[in-house]
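The lines below spell out each chain.
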Amino acid sequence: MMQPIDLPDAEQLLTILAGQLKPVINSETALVGIHSGGVWMMERLLPMLGKNMKHGRLDVSFYRDDFGQRGLHQDTLPSQIPFDVEGRHIILIDDVFYTGRTIRAAMNELFDYGRPASISLAVLVNRGGRELPITPQFCAHDMQLPANRNLQLMQNAEGRFYLTLEESQDV
Amino acid sequence: MRKAVFISLWKKAKMYNPQLTDDGKLKHLLSIEGLPKSIITQILDTAESFVGVAEREVKKVPLLRGKTVCNIFFENSTRTRTTFEIAAKRLSADVINLNVSTSSQSKGETILDTVDNLTAMHADMFVIRHAQSGAAHFIARHVKPHIHVINAGDGRHAHPTQALLDVFTIRRYKPEMHNLRVALVGDVLHSRVARSEIHALTTLGVPEVRVIAPKTLLPEHVEKMGVHVYHDMAAGLKDVDVVMMLRLQNERMTGALLPSAQEYFKTFGLTQEKLALAKPDAIVTHPGPMNRGIEIDSSVADGRQSVILPQVTYGIAVRMAVMSILAGNN
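As the structure is a computational prediction, the values presented were derived from the model and not from experiment. (Residues numbered from 1 in each chain as written. Chains lettered and ligands numbered in written order. Predicted model: local features only at pLDDT ≥ 70, side-chain atom pairs only at ≥ 80, totals over all residues. Heavy atoms only, no water.)

1. With respect to the domain arrangement of chain B
All names here are of chain B. Parsing chain B into structural domains produces domain 1 (3–157 + 313–328) and domain 2 (160–307). Computed from C-alpha coordinates alone, the two centres of domain 1 and domain 2 are separated by 25 Å. Contacts between the two partners involve 33 residues from domain 1 and, on the opposite side, 27 residues from domain 2. Taken together, both faces of the contact between domain 1 and domain 2 bury some 2,500 Å²; the carbon and sulfur share is 62%. (Domains from an automatic or database assignment. Contact = heavy atoms within 4.5 Å. Buried area = accessible area lost by both parts, 1.4 Å probe.)

2. Re the nonpolar core
In terms of nonpolar packing, the biggest core is built from 92 residues, with B:Phe50, B:Leu64 and B:Met323 touching the most fellow members. For this core, the leading source of residues is helix 12 (residues 308–328) of chain B, giving 11 residues. Residue contributions to this core reach at least three from each of two domains, namely domain 1 (3–157 + 313–328) and domain 2 (160–307) of chain B. The residues contacting B:Met323, other than those within four sequence positions of it, are B:Leu64, B:Val69, B:Phe84, B:Ala87, B:Ala88, B:Leu91, B:Met125, B:Val127 and B:Ile150. Counting residues in hydrophobic clusters, the runner-up holds 29 residues, among them A:Met41, A:Ile91, A:Leu124 and A:Phe161. (Core = buried A, V, L, I, M, F, W, Y, C linked by side-chain atoms within 4.5 Å. Buried < 20%, exposed > 50% of the residue type's maximum accessible area, 1.4 Å probe, protein only. Helix = DSSP H or I, 4+ residues; strand = E, 2+ residues; numbered from the N terminus.)

3. Examining the pairing of strand 7 (residues 161–167) of chain A
All names here are of chain A. As paired strands, strand 6 (residues 149–155) and strand 7 are joined by 7 bridges and run antiparallel to one another. Looking at strand 7, one finds that Leu151 is bridged to Leu165. Linking strand 6 back to strand 7 in an antiparallel pair, the connection comprises 5 residues, with Gly159 at a positive phi of about 90°. (Pairing = 2+ DSSP bridges.)

4. Focus on the sheet that holds strand 1 (residues 29–34) of chain A
All names here are of chain A. Reading across the sheet, the 5 strands line up as 2-1-3-4-5 and stay open at both edges, with parallel pairing between neighbours. The sheet is open, and its two edges are formed by strand 2 (54–58) and strand 5 (138–142), each paired on a single side. Direction aside, neighbouring strands of the sheet carry axes that sit 25° apart on average. Bridge analysis of strand 1 against strand 3 (residues 89–97) gives 5 bridges, and the strand direction is parallel. (Axes fitted to C-alpha atoms, helices over the stretch in contact; angles between N-to-C directions.)

5. With respect to the interface of chain A and chain B
Counting residues at the interface gives 15 residues for chain A, matched by 18 residues for chain B. When chain A packs against chain B, the two sides together hide about 1,500 Å² of surface, and 60% of this comes from carbon and sulfur. One can count 2 salt bridges joining chain A with chain B. A salt bridge links A:Asp112 to B:Arg56, with the nearest nitrogen and oxygen atoms 3.5 Å apart. Applying the counting rule to chain A against chain B returns 6 residue pairs in polar contact (both at pLDDT 80 or more). For the side of chain A that touches chain B, the per-class residue count stands at 7 nonpolar, 5 polar and 3 charged. (Salt bridge = Lys/Arg side-chain N within 4 Å of Asp/Glu carboxyl O. Polar contact = N/O pair within 3.5 Å; in protein donor to acceptor, adjacent residues only side chain to side chain. Nonpolar A, V, L, I, M, F, W, Y, C, P; charged D, E, K, R; others polar.)

6. What to know about unusual backbone geometry
Cis peptide bonds are those with omega within 30 degrees of zero, and the linkage from A:His35 to A:Ser36 qualifies with -5°. Along the chain, A:Ser36 turns up in the loop between strand 1 and helix 2 (37–49). A positive phi angle, near 60°, is found at B:His221, a position not held by glycine. In this structure, B:His221 sits in the loop between strand 6 (208–212) and strand 7 (228–230). Despite not being glycine, B:Asp239 shows a phi value in the positive range, around 65°. Structurally, B:Asp239 can be placed in the loop between helix 8 (233–237) and strand 8 (242–245).

Laid out in structure tokens, this is it:
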């Protein structure tokens, strides 16, 4: 049986994150969401931070380091970076920061579009368990979760965000 | 007793699909026949993601880094070989091209010896083109479990990646596959492409597939594949959404199947006038290489309804999808 763990309100976390990001946004900044939670967040953050911001979306399936073990992800989505990456300050957006491997894959993919001036990372929750020297610069909530739990951002029918915690299939 | 053993063996053989792993994943791509719709859709969806890769600064992804892909072509084909080569290189694989018709086979080496030698050189994937139907199946049955085989055309049997890139192109221009009328025109008899295309279209739920050809260029009982047969372009092209032209396979023709190329063009060649009978927004595909003035008029091949060059571009994305799905299913 899973011990009940209190989860923060994802909508509140999004407001906190937007507050952290606002001061660093300028005309050279672009938001890039990582499928799928990060893309939902990016879509919500855009009107909060400035509608005309450059933005894109990444599906890191082709850059994952576990391709050899797991094969290709069943439902890959096209990555779309419809702006010039060269010289831009990019903020990667993801829902949950865990091992850092997804972010490594995302950075590798971004560099195949060009050489950005900088990349920073914004997440709703840092759940602990980092395996690489990568850490979010903007984070709305820190918590420690055991490895057998899977924390995920969800969206209800009205588009409201909430977090779920499930027992993970693979540890 | 003997009959019972035979039937049980036959059933076993029928259930065994050499293309799939025990848990139903794609292990080899040998023919469209026998592929579930879910796998075809997975290949097409994955290919969508690869289309964008070609438009980036770096046209490569690292999926097949450290893998070796061998293109073994026992029969010439510049376009297919080149697109497989580009696809493998864009996946970061190392690629070796063997044009066997000019190498050791002419010195008497058997196919399996060629394959074994390449396996000893640590190849991970074979792309096979052969004039003999069933060659890729034969090699797939023989190779070690970690090796994947892709059929790049075997005799008159199948050319699955061509069919996949054709349906991918159709889906991009006409996303509602459940609402399409598609006509295949030309040499169905000798065409492995036609066979694979018909399987792909019907599996994806295209409700009406027509074949238009002279009787001499149609296989017997072709209607059993679920197609409507026409011998007349005017009737066959009426109101279709997609016209899939086939190449007249001169090199595979024996005997007098056609009166002459000019005669053929007059009756079955696709001209603007004949194309006007299809829907106004109908698209025209051709697997290449084209025989201009024999099966297709230049004004159609280069016209606004032609998607022949996009087919070539999408062919790379589709082959990248197939290779990366196979390489991941070990």
